[in-house]
Amino acid sequence: ETGVTQSPTHLIKTRGQQVTLRCSSQSGHNTVSWYQQALGQGPQFIFQYYREEENGRGNFPPRFSGLQFPNYSSELNVNALELDDSALYLCASSLAREGTDTQYFGPGTRLTVL
Amino acid sequence: AQRVTQPEKLLSVFKGAPVELKCNYSYSGSPELFWYVQYSRQRLQLLLRHISRESIKGFTADLNKGETSFHLKKPFAQEEDSAMYYCALRSGSARQLTFGSGTQLTVLP
């Protein structure tokens, strides 16, 4: 059984650019959630994908968008990057089944916006 | 809206001493609460959940609905317990997690 993986590990972009972050779910999981973790803060929920559809969204603007593919891997896209987007982006996968849907986290992608 | 508060950013205790990491929440529904832990250079991982009423690595946490708290406790801290601890509440249609800002626990020799 493989765990959640994310790529790239680190990324540096400039303000106004666009970025795509990738996540591979743990084997057998069908749900992916994305979180943003700013320095010194806990993770903050961005959105979740279940069976390729957005299943819930936190308080993030539309320039944060995502995709989930048939193999349940996922992408997070951020357009028009701002300095405040600098953060650790975490992906978590789970199996949507009542009472057992523990979220397993990936190692994260560190995004720096200059 | 739901909120999770961890009042201590840093907590230091000596090995063998009891430790308590505080967590308070605000939520209008029936809460599902968790403790996650992140050891140095490792990923965030689930430590325990209130619904299981389990003890993991000697840690326990009791949900107190009257005080809206879910404090994490261990009677005898070990050096390997040094880590960042996050309290989290699950809610919403996506069953998403709302995290506190975390407490960095350091167990001194």
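Data block above holds the structure.
Residues numbered from 1 in each chain as written. Chains lettered and ligands numbered in written order. Predicted model: local features only at pLDDT ≥ 70, side-chain atom pairs only at ≥ 80, totals over all residues. Heavy atoms only, no water.

**Student:** Can you walk me through the interface of chain B and chain A in this structure?
**Tutor:** Accessible area lost during the coming together of the parts is what is often quoted as the interface size. In this complex, chain B contributes 16 residues to the contact, which on the side of chain A involves 20 residues. Taken over both partners, the interface formed by chain B and chain A buries close to 1500 Å², and the fraction arising from carbon and sulfur atoms is 44%. Three residues, Arg43, Ala94 and Arg95 of chain B, lead the burial of chain B against chain A; their summed loss comes to 32% of the area buried on that side. Summed over the shared surface of chain B and chain A, the number is 0 salt bridges. Applying the counting criterion to the chain B and chain A interface returns 8 residue pairs in polar contact (both at pLDDT 80 or more). For the side of chain B that touches chain A, the secondary structure elements donating two or more residues are strand S6 (45-49), strand S9 (83-91) and strand S10 (96-99) of chain B. (Contact = heavy atoms within 4.5 Å. Buried area = accessible area lost by both parts, 1.4 Å probe. Salt bridge = Lys/Arg side-chain N within 4 Å of Asp/Glu carboxyl O. Polar contact = N/O pair within 3.5 Å; in protein donor to acceptor, adjacent residues only side chain to side chain. Helix = DSSP H or I, 4+ residues; strand = E, 2+ residues; numbered from the N terminus.)

**Student:** Is there a simple way to think about the packing of aromatic side chains in this case?
**Tutor:** Each aromatic ring pair is specified by the distance between its two centres and by the angle formed by the two planes. Within the structure shown, the criterion is met by 11 aromatic pairs over all chains. Both rings, one in Phe105 of chain A and one in Tyr36 of chain B, keep their centres 5.6 Å apart while their planes meet at 85 degrees; by these two values the pair is edge-to-face. Pair noted here: Phe105 of chain A is in strand S10 (residues 104-105) and Tyr36 of chain B is in strand S5 (residues 32-38), and the two residues belong to different chains. For Tyr36 of chain B, a relative accessible area of 2% corresponds to the buried category. Here Tyr86 of chain B and Phe99 of chain B contribute two aromatic rings whose centre-to-centre distance is 6.2 Å and whose plane-to-plane angle is 90 degrees, an arrangement assigned as edge-to-face. Note that Tyr86 of chain B is positioned in strand S9 and Phe99 of chain B in strand S10, a separation of 13 residues in sequence. By relative accessible area, Phe99 of chain B is classed as buried at 8%. One aromatic cluster is present, formed by Tyr35, Phe45 and Phe105 of chain A together with Phe34, Tyr36, Tyr86 and Phe99 of chain B through successive ring pairs. (Phe/Tyr/Trp six-rings, centres within 6.5 Å; stacked < 30°, edge-to-face > 60°. Buried < 20%, exposed > 50% of the residue type's maximum accessible area, 1.4 Å probe, protein only.)

**Student:** Would you explain the pattern of salt bridges in this entry?
**Tutor:** Two side chains of opposite charge can pair, provided their charged atoms sit close to one another. This structure, assessed with the given rule, holds 9 salt bridges over all chains. The closest approach of N and O atoms between Arg90 of chain B and Glu32 of chain B, which form a salt bridge, is 2.8 Å. Within this pair, whereas Arg90 of chain B is found in strand S9, its partner Glu32 of chain B is found in strand S5, the two being separated by 58 residues in sequence. For the residue pair Arg90 of chain B and Glu32 of chain B, the accessibility class agrees, reading buried in each case. Linking Arg95 of chain B and Glu32 of chain B is a salt bridge whose minimum nitrogen-to-oxygen distance equals 3.4 Å. Taken together, the residues Arg95 of chain B in the loop between S9 and S10 and Glu32 of chain B in strand S5 connect sequence positions 63 residues apart. Taken together, the shared-partner salt bridges in this structure form one network comprising Arg63, Glu82 and Asp85 of chain A.

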